[in-house]
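# Observations on the model geometry
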Amino acid sequence: MGSAKKSNTARKARIEEMRRAEQARERRARILTIAASVVIVGGLVAGGVVLVRSQSDNGGGSTASDSSGKGRFVTGKDGVKTWEGKLSRNHVTKAVKYATEPPVGGDHNQVWMNCNGDVYTKEINNTNAVHSLEHGAVWVTYNAAAKKADVDALAAKVKKTPYTLMSPMDDQKDPIMLSAWGHQRTVTGADDPDVDKFFEKFVQGEQTPEPGAACTNGLSQ
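The next subject is unusual backbone geometry. In this structure, the amide linkage connecting Glu-101 to the following residue, Pro-102, adopts the cis form with an omega of 0°. With respect to the helices, strands and loops of the structure, Pro-102 is situated in the loop between strand E4 (95–96) and strand E5 (116–119). Look at Tyr-163: it is not a glycine, yet its phi comes out positive at around 65°. Within the secondary structure layout, Tyr-163 lies in the loop between helix H3 (148–159) and strand E7 (164–168). Of the residues examined, Tyr-163 reaches a relative accessible area of 1% and is grouped as buried.

Membership of the largest hydrophobic core comes to 41 residues, with the highest contact counts inside it found for Leu-165, Met-166 and Phe-199. Elements represented by at least two residues in this core include exactly helix H2 (126–134), strand E6 (138–142), H3, E7, strand E8 (176–180) and helix H4 (193–202). In this structure Met-166 touches Asp-118, Val-119, Tyr-120, Trp-139, Val-140, Tyr-142, Val-151, Leu-154, Ala-155 and Val-158, once residues within four positions along its chain are discounted.

With that settled, the discussion passes to the sheet that holds E7. In space, the 7 strands of this open sheet follow the order E2-E3-E9-E8-E6-E7-E5, with mixed pairing throughout. Sheet topology places strand E2 (72–75) and E5 at the edges, where each strand pairs with a single neighbour. In this sheet, neighbouring strand axes are inclined to one another by 20° on average, regardless of whether the strands run parallel or antiparallel. Pairing of E6 with E8, which is carried by 4 bridges, proceeds in the antiparallel orientation. If you follow Val-140 over to E8, its bridge partner there is Leu-178.

Parameters and conventions
- Residues numbered from 1 in each chain as written.
- Predicted model: local features only at pLDDT ≥ 70, side-chain atom pairs only at ≥ 80, totals over all residues.
- Heavy atoms only, no water.
- Helix = DSSP H or I, 4+ residues; strand = E, 2+ residues; numbered from the N terminus.
- Buried < 20%, exposed > 50% of the residue type's maximum accessible area, 1.4 Å probe, protein only.
- Core = buried A, V, L, I, M, F, W, Y, C linked by side-chain atoms within 4.5 Å.
- Contact = heavy atoms within 4.5 Å.
- Pairing = 2+ DSSP bridges.
- Axes fitted to C-alpha atoms, helices over the stretch in contact; angles between N-to-C directions.

Put into structure tokens, the structure is as follows:
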């Protein structure tokens, strides 16, 4: 029990440190955004250049090639599946056909889904959610076969856990699944002890390509 409490305390301290760093980055980003806006406006007036920024992953109405199709999942003794293969990290505006549902990495939209304990009641775009995984978030997904009691209990857990998000996904094969960058597992319900184990290991875990990156000021339903 003592070691578990220490581990939980350490994880909370790590997340709080990440959140403080995120807030500092956001302040710097606001300053840079204001400065950049001045430059852009000047450019528009001088040259009549129109800049368009798309936040949709349906850019051009076409689909990008699968950036993770050359790998495969390997299941460990703990039941966690690890993706063996390259997961590219390019920003794209097109939809991406991923090798898995839910995806665990690959090319993604430049805008992340908010993942500061955000619970979405409708399906979200994979390309935005993958960007959240890149920032160290754990993504809880469920389909119509999941029990309402489990969905409600998991939603309550996500809401109080920074760097997590939750949404329905009708096309996934199992009722409840947990995903992180390069990792995934199925759980039997909200009271499955593997839920806490997955959160403990992968919320801002060692797999995170961009530890401490923002989980707010992104896209929200």
